[in-house]
Amino acid sequence: MNKIGFIGLGIMGSRMASNLQKAGHSLIVYNRTKEKANNLLDLGAKWADNPKEVAQNVDILITMLSTPEIVKEITLGSKGFLSSLKDNSIWMNCSTVNPSFTKDMDAIAKKHRVRYLDAPVAGTKTPAENGELLFLVGGDSASVNETKFLLDIMGKKALHLGKVGMGAAMKMLINQLLGQSMVAFAEALVMGEAMGLEKEILFNVLLNTPVVPPVMSAIRSKLENSDYETNFPLKWIQKDLHLSTICAYEQNVALPNLTITKEIYAQAKQHGYGDLDFSAVYEFLNLKK
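These numbers were taken from a predicted model, which means no experiment stands behind them.

Chemist: Help me get a handle on the pairing of strand S1 (residues 4-7), residues and values and all.
Modeler: Here S1 shows two buried faces, one formed by Ile4 and Phe6 and the other by Gly5 and Ile7. Here S1 pairs with strand S2 (residues 27-30) via four bridges, running parallel. Across the sheet, Ile4 pairs through a bridge with Leu27, a residue of S2. As for the winding sense of the linkage, the β-α-β connection from S1 through helix H1 (residues 13-22) to S2 is right-handed. Across four bridges, the pairing between S1 and strand S4 (residues 60-63) is parallel. Bridged to Gly5 within S4 is Leu61.

Chemist: Run through the layout of surface pockets, naming residues and quoting values.
Modeler: For the largest pocket, the calculated volume is near 1200 Å³. Surrounding the largest pocket, 48 residues form its lining, Met12, Asn231, Phe232, Pro233 and Trp236 being those nearest its centre. When contributions to the lining of the largest pocket are tallied by element, the ones reaching two or more residues are helix H4 (68-76), strand S7 (121-122), helix H9 (166-194), helix H11 (215-225) and helix H12 (234-250). If you tally residues by element for the lining of the largest pocket, the top one is H9, at six residues. In this structure, the second largest pocket encloses a volume near 270 Å³. Forming the boundary of the second largest pocket are 15 residues, of which Pro99, Ala169, Cys247, Ala248 and Gln251 lie nearest the centre.

Chemist: Account for H9, with residues named and values stated.
Modeler: With 29 residues, H9 should reach 42 Å at 1.5 Å per residue; the first-to-last C-alpha distance of 42 Å fits that figure. In the segment just after H9, Gly196 is the residue with positive phi, at about 100°.

Chemist: Could you give an account of the pattern of salt bridges, naming the residues involved and the relevant values?
Modeler: Within the structure shown, the criterion is met by 11 salt bridges. With a closest N to O distance of 3.1 Å, Lys86 and Asp59 form a salt bridge. Of this pair, Lys86 sits in the loop between H4 and strand S5 (90-93) while Asp59 sits in the loop between helix H3 (51-55) and S4, placing them 27 residues apart in sequence. Classification of Asp59 by relative accessible area gives partly exposed; the value is 22%. Linking Lys110 and Asp106 is a salt bridge whose minimum nitrogen-to-oxygen distance equals 2.8 Å. One end of the pair, Lys110, and the other, Asp106, are both in helix H5 (residues 99-111), four residues apart, so they sit about a helical turn from each other. For Lys110, a relative accessible area of 54% gives the class exposed.

Rules behind the numbers
Residues numbered from 1 in each chain as written. Predicted model: local features only at pLDDT ≥ 70, side-chain atom pairs only at ≥ 80, totals over all residues. Heavy atoms only, no water. Buried < 20%, exposed > 50% of the residue type's maximum accessible area, 1.4 Å probe, protein only. Helix = DSSP H or I, 4+ residues; strand = E, 2+ residues; numbered from the N terminus. Pairing = 2+ DSSP bridges. Right-handed = clockwise from strand over helix to strand, strands pointing away. 1 Å grid on protein atoms, 1.4 Å probe; cavity = no way out; pocket = protein on both sides within 12 Å on 5 of 7 lines; lining within 4 Å. Points joined across faces, edges and corners; volume = space filled by probe spheres on them. Expected span 1.5 Å × (residues − 1). Salt bridge = Lys/Arg side-chain N within 4 Å of Asp/Glu carboxyl O.

Okay, structure coming up:
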């Protein structure tokens, strides 16, 4: 059985790693905050004191990190893992990063004779916990096939979208639509309430029209109950939209609605909503109620 390393044990990574462990795989783990690894350690995972130590003992290394900057530090910093991975090992990066960054990491990995898989996920806390994530994978077919047993444990489906960078590209589009849809729906609620419509009526009618995406039905209870326990932190949707604007700039594409939406989330973050669920943008837009 392959030796598997896992770096990044936040909301998503901890649940993904737990599913691998439940399936019988032995893990070597690292996280900047060790306490987040306690549940895995209690069930037999081995702790590494730094990313380099993880790499020295594994055949496949999975990262689930928050930003390109942190990925770069964990990978190439003074105790980074890339230089210590054995030849022909696989680095599966499930972090949400922009395609140009992904291609840069792939090029660097090749210099270290490491195979890179671009494998971000669609899904939040509950799908991660239930092993129902959708993996958006870019990379060579051999490496995808070699890691399929892991993808099948952590997710319900893995889409091989082509070369490295294509997974990241698709993830940019999915989170772009998610962030924009949330703001559009929140604005409709705020406007409807301002005109005197009851919130329950707004939900019952709007959610049953074809103009509202199905994901809003899953978010309904959060908005109704002002329960913004984090499934997807607002600060990370704002980060992802920022990465999408970088992509737009690199592709010479004008996306004004994306830029405005990103700034709405940025303002919400500045007002203290960053660590709440991204659906809390409704509360921010409703401040003047």
